Amino acid sequence: MNTVAQNIKDFRLEIHPYGAELVAVSKFHTPEVIMEAYDAGQRIFGENRAQELVEKAPQLPSDIRWHFIGHMQTNKVRAVLPHAAMIESVDSTKLLQLIDKEGVRAGLKPRVLMQVHVAAEQTKSGFLPEELVEFFRSRQFESLQATHICGIMGMATNTDDRDRVRADFKAIHNLFDTIRSLCPDLRGFDTISMGMSGDYMIALEEGATLVRIGTAIFGPRQY
Ligand SMILES: *Cc1c(COP(=O)(O)O)cnc(C)c1O
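Residues numbered from 1 in each chain as written. Predicted model: local features only at pLDDT ≥ 70, side-chain atom pairs only at ≥ 80, totals over all residues. Heavy atoms only, no water.

**Here we look at the layout of surface pockets**
Then, in step 1: There is about 620 Å³ of room inside the largest pocket.
Then, in step 2: As for the largest pocket, its lining consists of 30 residues, of which Lys27, Lys124, Met155, Met196 and Arg212 are closest to the centre.
Then, in step 3: Elements with a minimum of two residues in the lining of the largest pocket: strand S6 (148–155), helix H7 (162–182) and strand S8 (210–213).
Then, in step 4: Of the residues contributing to the lining of the largest pocket, the split by class is nine nonpolar, 14 polar and seven charged.
Then, in step 5: Of all the elements in the fold, those that place two or more residues in the lining of the second largest pocket are helix H1 (4–15) and strand S1 (21–25). (1 Å grid on protein atoms, 1.4 Å probe; cavity = no way out; pocket = protein on both sides within 12 Å on 5 of 7 lines; lining within 4 Å. Points joined across faces, edges and corners; volume = space filled by probe spheres on them. Helix = DSSP H or I, 4+ residues; strand = E, 2+ residues; numbered from the N terminus. Nonpolar A, V, L, I, M, F, W, Y, C, P; charged D, E, K, R; others polar.)

Spelled out as structure tokens, the structure:
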């Protein structure tokens, strides 16, 4: 098996031609393992549980940019916000408003992605595409005081059917384009986060600017 450091180097070479960035998804992995990736030059890491992020972040170098990628409970916003360079998983307007309120209170400028649900599984969270279109068409983002919406995040259906996966990524990219044309004045709305260990190549081909990869870098997780 390759080392974590080698995997990071290989992924960088693979992703670089697409102009995308790598989020190394380090959930369930120890600070020691994260440091192997850090020492290989990786700076963006993804975590999906508030408690885990809050425990790990202070033990690791401060130039790590933590991306929160899990469902966020509203009572965790205050703890997570100071550690998160980006919250990729905003899945309700209520959560967005809370993040913004907390950003104002704490003097932070939260950066977020709106999570969209295009996959077949009902268990996955996120806005439906038409809900996000409506959110932007009605310019609800204009009420935000501290928060910067940088783009959208989504997951493809968990299936071996590559055509379905590609169709899901195309749907995410189309939604991104729709939002951009609805709101051409939306500044810094430039991020499409999609693709994981099993499907990142398809995501890159379909225009991902961020890919979130865990297992293929760190090996299987011990839950
Ligand atoms: C865990 C996770 C990933 C990484 O999944 P792998 O299959 O291990 O690469 C990506 N995105 C989200 C939202 C996750 O929760």
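**Thoughts on the pairing of strand S5 (residues 111–117)**
Then, in step 1: S5 sits mainly inside the fold: six of its seven residues count as buried.
Then, in step 2: Sheet topology places strand S4 (residues 84–90) next to S5; two bridges connect them, and they run parallel. The residue bridging Val90 from the neighbouring strand is Met114, located in S5.
Then, in step 3: The handedness of the S4 to S5 crossover, carried by helix H5 (residues 93–106), is right-handed.
Then, in step 4: Relative to S6, S5 runs parallel, the two sharing seven bridges. Across the sheet, the residue bridging to Val116 is Gly154, located in S6.
Then, in step 5: What joins S5 to S6 is helix H6 (residues 129–137), and the crossover it makes is right-handed. (Buried < 20%, exposed > 50% of the residue type's maximum accessible area, 1.4 Å probe, protein only. Pairing = 2+ DSSP bridges. Right-handed = clockwise from strand over helix to strand, strands pointing away.)

**With respect to unusual backbone geometry**
Then, in step 1: Even without a glycine there, the phi angle at Phe28 is positive, about 70°.
Then, in step 2: Mapped onto the elements of the fold, Phe28 is located in the loop between S1 and helix H2 (31–39).
Then, in step 3: Classification of Phe28 by relative accessible area gives partly exposed; the value is 25%.
Then, in step 4: For Arg139, which is not a glycine, the phi torsion comes out positive at approximately 55°.
Then, in step 5: Position of Arg139 among the secondary structure elements: in the loop between H6 and S6.
Then, in step 6: When its relative accessible area of 26% is taken as the criterion, Arg139 is described as partly exposed.

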